[in-house]
Amino acid sequence: PEPFRQPTMTDHHFMSTRVSTKPVSNAVHAGYDGAAKRDDGIPLYGMDKELADKAAAKFDPKMEREAREWIEAVTGEALEGTLQEALKSGVVLCALVNALKPGVCKKPLAMKMA
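Counting from 1, residues in each chain are numbered in the order their sequence is written. Where local features are concerned, this predicted model is filtered to residues with pLDDT of at least 70; where side-chain atom pairs are given and counted, the filter is 80 or more; whole-chain, interface and lining totals use all residues. Neither water nor hydrogens contribute to the side-chain values; these are computed over all heavy atoms in the structure.

Undergrad: I'd like to hear about the overall build of the chain, residue by residue, with values.
TA: A count of helices and strands for the chain gives six helices and zero strands. Strands are runs of DSSP state E lasting at least two residues, helices are runs of H or I lasting at least four, and both sets are numbered from the N terminus onward. Across the chain, helices and strands are ordered from the amino to the carboxyl terminus as α-α-α-α-α-α. Buried residues are those whose accessible area, probed at 1.4 Å on protein chains only, stays under 20% of the maximum for their type, while exposed residues exceed 50% and partly exposed ones sit between those limits. Looking at the chain as a whole, 14% of its 114 residues are labelled buried. Residue contacts are counted whenever heavy atoms from the two residues lie within 4.5 Å of one another. Considering only intrachain contacts with a sequence separation of at least 6, the fraction spanning at least 24 residues in the chain is 14%.

Undergrad: Just give me the short version of helix 3 (residues 46-58), but keep the residues and values in it.
TA: Taking 1.5 Å per residue, 13 residues should reach 18 Å; helix 3 reaches 19 Å between its end C-alpha atoms and fits that length. Within helix 3, only zero of the 13 residues are buried, leaving the element largely exposed. Expected helix span is given by 1.5 Å per residue-to-residue step, counting one fewer step than there are residues.

Undergrad: I'd love a proper account of the side chain of Thr75, names of residues and values included.
TA: Take Thr75: it is sitting in helix 4 (residues 61-75). Residues contacting Thr75, with those up to four places away along its chain left out, are Ala95 and Leu96.

Undergrad: Give a description of the pattern of salt bridges that names residues and reports values.
TA: The rule for a salt bridge is simple: a side-chain nitrogen of Lys or Arg has to be within 4 Å of a carboxyl oxygen of Asp or Glu. Here the structure, examined in full by the defined rule, presents three salt bridges. The partner of Asp53 in a salt bridge is Lys49, with the nearest N and O atoms 2.7 Å apart. Taken together, the positions of Asp53 and Lys49, both in helix 3 and four residues apart, correspond to about one turn of that helix. Its relative accessible area of 39% is what places Asp53 among the partly exposed residues.

Undergrad: I'd like a description of the confidence of the model for the chain, backed by residues and values.
TA: Confidence per residue, as judged by the predictor, is encoded in pLDDT with a range of 0 to 100. Summary statistics for the chain give a mean pLDDT of 78 and a share of 68% for residues scoring 70 or more. Here helix 1 (residues 12-16) stands out as the element of the chain with the lowest mean pLDDT, 56, in contrast to helix 4, whose mean of 94 is the highest.

Undergrad: Outline the side chain of Asn98, supporting the account with residue identities and numerical values.
TA: One can find Asn98 in helix 6 (residues 91-100). Pairing of N or O atoms within 3.5 Å defines a polar contact, subject to two protein rules: one partner must be a possible hydrogen donor and the other a possible acceptor, and residues neighboring in sequence count only if both atoms are side-chain atoms. One polar contact links the side chain of Asn98 to the main-chain carbonyl oxygen of Cys105, over a distance of 2.6 Å. Ignoring sequence-local partners within four residues, the contact set of Asn98 consists of Gly103, Val104 and Cys105.

In structure tokens form, the structure reads like this:
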């Protein structure tokens, strides 16, 4: 038998299996500046962009405002920042639960989440 040798680019196998240089789709790349961006300015591509678009399509500012007003009315406290920021640490949620059914949630430590 012949000893093993590394195939080279001139071997018939490699010549017949070259990758096509034609584009796979007609999609136009928007580039960094034209890409959708997260709140912190990082561009979104592919599945991240699709998920962000899907979440944005479901978001209803009116429902968020109504939920915020209800939480503020029940707890008697004004929420700071966006609703998501206000609920992130769980402090507001504990206050809300305790306003609805006292004693269910222990008094949380009021600390800022990074």
